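# Residue-level structure breakdown
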Amino acid sequence: IGSELLLGNILNTNAKWLSEELASLGLPHYRQTVIGDNSIRLKKTILEASSRSQILITTGGLGPTQDDITTETIASCFNTPLEQRKEIWTDIQNKMAKKSLPIPSSNKKQTLLPLGAKVIHNEFGTAPGMIWSPLNGFTIMTFPGVPSEMKQMWKETAIPWLRKHNEINGIFKSKVLHFVGISESKLSEEV
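Notes on the structure in this doc start here. (Residues numbered from 1 in each chain as written. Predicted model: local features only at pLDDT ≥ 70, side-chain atom pairs only at ≥ 80, totals over all residues. Heavy atoms only, no water.)

It is worth spelling out the environment of alanine 127 at this point. Mapped onto the fold, alanine 127 is located in the loop between strand E4 (118–120) and strand E5 (129–135). Assessed through its relative accessible area of 8%, alanine 127 is described here as buried. Between the alpha carbons of alanine 127 and isoleucine 92 there is a distance of 8.6 Å; along the sequence they are 35 residues apart. With residues near it in sequence (within four places) discarded, alanine 127 still touches Leu62, Gln110, Asn122, Pro144 and Met153. (Helix = DSSP H or I, 4+ residues; strand = E, 2+ residues; numbered from the N terminus. Buried < 20%, exposed > 50% of the residue type's maximum accessible area, 1.4 Å probe, protein only. Contact = heavy atoms within 4.5 Å.)

The subject of this paragraph is the pattern of salt bridges. Across all of its chains, the model carries 7 salt bridges by this definition. One salt bridge in this structure joins glutamate 72 and lysine 109, with 3.6 Å as the shortest N-O distance. Of this pair, glutamate 72 sits in helix H4 (residues 70–77) while lysine 109 sits in the loop between helix H5 (86–98) and strand E3 (112–114), placing them 37 residues apart in sequence. Two residues, arginine 85 and glutamate 83, come together in a salt bridge whose shortest N-O distance is 3.8 Å. Linked through salt bridges whose partners overlap, the residues forming this network are Arg31, Glu48 and Arg52. (Salt bridge = Lys/Arg side-chain N within 4 Å of Asp/Glu carboxyl O.)

The next point concerns the nonpolar core. Within the largest apolar cluster, 20 residues are counted, with the highest numbers of intra-cluster contacts made by Ile46, Phe78, Trp132 and Ile140. Elements with a contribution of two residues or more to this core: helix H3 (39–52), H4, H5, E5 and strand E6 (138–143). No other element matches H5, which puts 4 residues into this core. Judged by nonpolar contacts, the second largest core, of 16 residues, contains Leu22, Ile55, Ile131 and Met153. (Core = buried A, V, L, I, M, F, W, Y, C linked by side-chain atoms within 4.5 Å.)

The buried fraction of strand E1 (residues 55–59) is high, at 4 of 5 residues. Alignment of E1 against E6, held across 5 bridges, turns out to be parallel. Paired with isoleucine 57 across the strands is methionine 141, a residue of E6. (Pairing = 2+ DSSP bridges.)

Encoded structure:
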């Protein structure tokens with residue numbers, strides 16, 4: 001999520017990395033979408049995903065600026081109020097104090113999550129993510145757009161969550177096929 005991706009200012013390396021991660025877990029994914037910083041288009045995309053998917057993974061739009069609209073748009077899709085999370089504010093204050101930086105009031109925005117969402121802690125930045133199931137059988141995971149932050153949060157939170165929920169509920173069904181003894185060129189001819 002971010003107009004900078006649509007404008008070509010930033011290469012979407014997160015999509016490639018997440019695709020590889022999902023494949024390594026044996027989880028198929030069928031669609032990737034880049035949405036600019038527009039709440040109407042983002043809301044339409046989220047609602048459409050909720051009607052066809054079990055999981056929606058987002059990156060970007062979690063910062064303190066006015067164009068960071070991911071969290072509030074997600075909450076509005078499911079008519080859920082945002083709640084201020086004190087542990088997030090404490091974390092932001094501690095990080096800024098360690099760097100001797102002033103804390104802009106805009107960072108308060110990052111403490112708001114939909115009621116009932118689980119915080120994904122961000123060790124390196126101020127933008128936390130979340131895991132939230134607003135509908136039965138549909139979960140949203142949000143991550144910041146900064147690749148190093150997203151990767152750390154994914155490894156520490158998303159992978160264990162995905163493995164646990166696959167084992168408990170068996171909600172993900174996929175197979176990875178490995179062809180042994182067939183050359184890639186021969187396989188291409190047959191396909």
